[in-house]
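# Geometric and topological summary
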Amino acid sequence: MSLHVDRPYWVNWLHQHLYYRPFKARTPQRRAAWDFVARVHRLAPGALVLDCGANIGKVTRAFRRAGATVHAFEPDPYAQARFRERFGSDAAVTLHPVGVGAEPGRFTLHRTRDFATDPERATIGSSLFAHDLHGAGDAVEVEVIDLLAFIRGLGRRVDILKMDIEGAEVAILERMFDEGLHRDIGRIYVETHERFSPELATRTAALRARIAAERIDNVDLDWH
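Residues numbered from 1 in each chain as written. Predicted model: local features only at pLDDT ≥ 70, side-chain atom pairs only at ≥ 80, totals over all residues. Heavy atoms only, no water.

### What to know about the sheet that holds strand S3 (residues 93-96)
What the 6 strands build is an open sheet, ordered S3-S2-S1-S7-S8-S9; its pairing is parallel. In this open sheet, the two edge strands, each paired with only one partner strand, are S3 and strand S9 (219-220). Two elements, strand S2 (residues 69-73) and S3, share 4 bridges in a ladder whose sense is parallel. Looking at S3, one finds that Phe73 is bridged to His96. The strands that helix H4 (residues 77-87) touches are S2 and S3; relative to S3, the one it contacts most, it runs at about 170°. (Pairing = 2+ DSSP bridges. Helix = DSSP H or I, 4+ residues; strand = E, 2+ residues; numbered from the N terminus. Contact = heavy atoms within 4.5 Å. Axes fitted to C-alpha atoms, helices over the stretch in contact; angles between N-to-C directions.)

What follows is the structure, given as C-alpha cells:
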C-alpha cells in the first residue's frame, strides 16, 4: 500500500496531505489507500470487518486499533502462526485458518520460490493460482470455504470486507454481484491480480465494466 494502514491515523494524514497531494498525482491506487485508511479510522467500536488474506495481521491490527471485531482468514500455516503470536489473546479477533473462495473445497496453495529463505515475506505471494513466481516444492493443501455462505451466516451487516487473496477475488465478486450480496456490505476493498494470467485480466476488466454499468458504489478494485 502507498499508505501504511497499521500506522496511527495522524501519521497517514500527514503523509497524504503533505507529501502525496502537493508532489504526486493522485492515482486510483493512492486514492483507494487513503479512502481505506480514513474509513477504518471512522469505524464505530464493535464494527464487523472481514480480513480475507490476513497474512500476519498488518491490516487486522489497524482494524483492532479502531475497535472493530475482526474475522480474519489466512490459509498459509506459516502466516497463521505469526498471526496467532500477535492476536492469540484478543477475544475480538477470530482467525479462520482457511482460504476463501466462491465455492468450498480443498485446494493447493502455491508458495513463491523464496519461501525457504524468507518465509514471512514470501507468504504475501502465496496463492491458489500458480504463476511464474511460485516454486515447485513448497505447495501445501489447504481448506477453502464459501465466503458468501459465511457472510450470510453471520446474521449481521459487514462494515468492511477487505480481500487480498491473490486471484481468488474474481470468482467471489462475480457471484457476489450475481446474487446481490455486495449490497449487504458497507465497503469492499479488493487488491486485484490480473497480472497473473490473461483470463484473470479479462475477467477483472469485466468486473470493472460491470461496476460502472450497474453503478456499484461500494466496491473498490484499486486497493493494494
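### Notes on the environment of His96
Within the secondary structure, His96 sits in strand S3. In the structure, His96 is positioned 16 residues away from Gln80 in sequence and 8.9 Å away in space, judged by C-alpha atoms. Setting aside its immediate chain neighbours within four residues, His96 contacts His71, Ala72, Phe73, Glu74 and Phe150. Side chain to side chain, His96 and His71 meet in a polar contact 2.8 Å long. (Polar contact = N/O pair within 3.5 Å; in protein donor to acceptor, adjacent residues only side chain to side chain.)

### Comments concerning unusual backbone geometry
A positive phi angle, near 55°, is found at Glu166, a position not held by glycine. A relative accessible area of 8% means that Glu166 is categorised as buried. Here the phi dihedral of Arg215 falls at roughly 55°; this positive angle occurs in a residue that is not glycine. Mapped onto the secondary structure, Arg215 falls in the loop between helix H8 (198-213) and S9. Among the residues examined, Arg215 registers a relative accessible area of 75% and is labelled exposed. (Buried < 20%, exposed > 50% of the residue type's maximum accessible area, 1.4 Å probe, protein only.)

### Quick look at the nonpolar core
Leu50, Cys52, Leu147, Ile151, Leu161, Met163 and Met176 are the most contacted members of the largest nonpolar core, which has 32 residues in total. Mapped onto this core, the elements with two or more residues apiece are strand S1 (48-52), helix H6 (147-154), strand S7 (158-163), helix H7 (169-179), strand S8 (185-190) and H8. Ranked by the residues each element gives to this core, the list is headed by H7, at 5 residues. Excluding its chain neighbours within four sequence positions, the residues that come into contact with Leu161 are Leu50, Cys52, Leu147, Ile151, Met176, Ile185, Arg187, Ile188 and Tyr189. Counting residues in each nonpolar core, the second largest holds 21 residues, with Ala32, Ala54, Ala72 and Val93 among its members. (Core = buried A, V, L, I, M, F, W, Y, C linked by side-chain atoms within 4.5 Å.)

### Considering the confidence of the model for the chain
Confidence in the prediction for the chain averages 87 pLDDT; 87% of positions are at 70 or higher. A low-confidence stretch, residues 9-20 stays under pLDDT 50, and its non-local contacts, those more than four residues away or across chains, total 27 contacts. (pLDDT = per-residue confidence, 0-100.)

### Structural notes on the pattern of salt bridges
Under the criterion given, the structure shown has 17 salt bridges. A salt bridge links Asp35 to Arg39; the shortest N-O distance between them is 3.9 Å. Within this pair, Asp35 and its partner Arg39 are both found in helix H2 (residues 28-41), separated by 4 residues, close to a single helical turn. For Arg82, the salt bridge goes to Glu120, with nearest N and O atoms at 1.9 Å. With a gap of 38 residues between them, Arg82 in helix H4 and Glu120 in helix H5 (residues 119-122) connect regions that are remote in the sequence. The class for Glu120 is partly exposed, based on a relative accessible area of 29%. Through salt bridges with shared partners, a single network forms among Asp35, Arg39, Arg187 and Asp220. (Salt bridge = Lys/Arg side-chain N within 4 Å of Asp/Glu carboxyl O.)

### Points about the packing of H6 against H7
For the pair H6 and H7, interaxial distance at closest approach is 10 Å and the crossing angle is 50°. Judged by the angle between their axes, H6 and H7 are oblique. Between H6, through Leu147, Leu148, Ile151 and Arg152, and H7, the contact on the second element is made entirely by Ile172, Arg175, Met176 and Glu179. (Parallel < 35°, antiparallel > 145°, perpendicular 65-115°, else oblique.)

### Digging into the packing of aromatic side chains
A complete count under the given rule lists 6 aromatic pairs for this structure. Ring centres of Phe36 and Phe63 lie 5.9 Å apart, and the angle between their planes is 65°; on these two criteria the pair is classed as edge-to-face. Taken together, the positions of Phe36 in helix H2 and Phe63 in helix H3 (residues 58-65) put the pair 27 residues apart, joining distant regions of the chain. You'll find Phe36 and Phe63 in the same group, each marked buried. Among the aromatic residues, ring-to-ring pairing joins Phe36, Phe63, Tyr189 and Trp223 into one connected group. (Phe/Tyr/Trp six-rings, centres within 6.5 Å; stacked < 30°, edge-to-face > 60°.)

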